[in-house]
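Chains, contacts and geometry: an overview
Chain residues, written in single-letter form:
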Amino acid sequence: MDTKQIGIQHISPPLKRTDKLFIVFMIGMACLVAVMGYTTYQQGKLEETSKRNGEAWLKWLSESAKSRHAPDYQPAACGAQLPPATQTWGGCFESITAPDGPLGALTNPFSGGRLQRGVKCDSQDRTLAGSLVFEKHTPTPPGSAIPSLLSALADSDDIGQKVQIRLSVCDKGANVIRIGEIEF
């Protein structure tokens, strides 16, 4: 028999108050997950941009290290001279990041300003987010237990000769993200 013929209707019971509260709760949770996902995605984009800045620096240092001994090398503040002149890391960094310098267009994605250098990434100092950290390897005497020492590359450090550099960036929590090492 067909249900239309006998007049049977399917009636769904009305939603209870707890059912309505559960539906509202689930809609709220879905909205919260969407907002948190979007925020996490945006923070991830900033960290990836910081990594790309570090990779651009590593690429530039790698490519320019090959021709640093040329007399007409530009920027001159980063050239390696024989005998060593007074090329310092501070002058080299400023000439590279100058608005007309090779990496002058790069900005700190967290602050929106110029790229900054930090001595080291420190999770206690969140203002370091997006900063670059340059460290130099200094060889120790032969036979030492430690083959080299790692220290911050200071503005006054001479770069007239080759320098082994480790490059890192600070993430949003000012923790270290290693980019790579290069002889410059």
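Placed above this text is the structure.
First things first, this report covers the structure right here in the doc. Source: prediction; values computed, not measured.

One pass over the structure, following the stated rule, counts ten salt bridges. Two residues, glutamate 48 and arginine 52, come together in a salt bridge whose shortest N-O distance is 2.7 Å. Of this pair, glutamate 48 and arginine 52 both sit in helix H2 (residues 17–65), four residues apart, which is roughly one turn of that helix. Residue class for glutamate 48 comes out partly exposed when judged on its relative accessible area of 32%. In the salt-bridge network here, residues are joined through shared partners; they are Glu48, Lys51, Arg52 and Glu55.

On the surface, Leu15, Phe22, Ile23, Phe25, Met26, Ile27, Met29, Leu32 and Met36 cluster together to form a nonpolar patch covering roughly 880 Å² of accessible area. Position of methionine 36 among the secondary structure elements: in helix H2.

So, about the pairing of strand S2 (residues 132–139). With two bridges joining them, strand S1 (residues 117–118) and S2 adopt parallel strand pairing. Bridge pairing links arginine 117 to leucine 132 in S2. When S2 meets strand S4 (residues 164–170), the two strands line up antiparallel, connected through six bridges. Following the sheet pairing, valine 133 is matched in S4 by serine 168. The pairing of S2 with strand S3 (residues 148–152) spans five bridges and is antiparallel. Bridging from a neighbouring strand, threonine 138 pairs with leucine 149 of S3.

Glancing now at the nonpolar core. In terms of nonpolar packing, the biggest core is built from 24 residues, with Trp57, Trp89, Leu132, Phe134 and Phe184 touching the most fellow members. Listing elements by their share of this core, those giving two or more residues are H2, helix H3 (89–97), S2, S4 and strand S5 (176–183). In this view, phenylalanine 134 contacts Trp57, Leu61, Trp89, Phe93, Arg117, Gly118, Ser151, Ala152, Leu153, Ile165, Arg166 and Leu167; residues no more than four positions away in its chain are not counted. Counting residues in each nonpolar core, the second largest holds five residues, with Leu128, Val133, Cys170 and Ala174 among its members.

For glutamate 135, the position within the fold is in strand S2. For glutamate 135, a relative accessible area of 15% gives the class buried. Residue contacts for glutamate 135: discarding those within four places in its chain leaves Leu150, Ser151, Ala152, Leu153, Gln164, Ile165, Arg166, Ser168 and Arg178.

Moving on, we come to the pairing of S4. The side chains of a regular strand alternate between both faces of the sheet. Taking burial as the measure, the seven residues of S4 include six buried ones, the bulk of the element. Pairing between S4 and S5: seven bridges, direction antiparallel. Bridge pairing in S5 places isoleucine 165 opposite isoleucine 182. The turn linking S4 back onto S5 is made up of five residues, and alanine 174 within it adopts a positive phi angle of 60°.

Peptide bonds are mostly trans, and most non-glycine residues show a negative phi. Glutamine 74 connects to proline 75 through a cis peptide bond whose omega is 0°. Among the structural elements, proline 75 can be located in the loop between H2 and H3. A positive phi angle is found at alanine 174, which is not glycine, with a value near 60°. Residue placement: alanine 174 occurs in the loop between S4 and S5.

Thresholds applied
- Residues numbered from 1 in each chain as written.
- Predicted model: local features only at pLDDT ≥ 70, side-chain atom pairs only at ≥ 80, totals over all residues.
- Heavy atoms only, no water.
- Salt bridge = Lys/Arg side-chain N within 4 Å of Asp/Glu carboxyl O.
- Helix = DSSP H or I, 4+ residues; strand = E, 2+ residues; numbered from the N terminus.
- Buried < 20%, exposed > 50% of the residue type's maximum accessible area, 1.4 Å probe, protein only.
- Patch = residues over 30% accessible without salt bridge, like charges linked within 9 Å, V, L, I, M, F, W, Y side chains within 5 Å.
- Areas by Shrake-Rupley, 256 points an atom, 1.4 Å probe, with all protein chains shown as cover.
- Pairing = 2+ DSSP bridges.
- Core = buried A, V, L, I, M, F, W, Y, C linked by side-chain atoms within 4.5 Å.
- Contact = heavy atoms within 4.5 Å.

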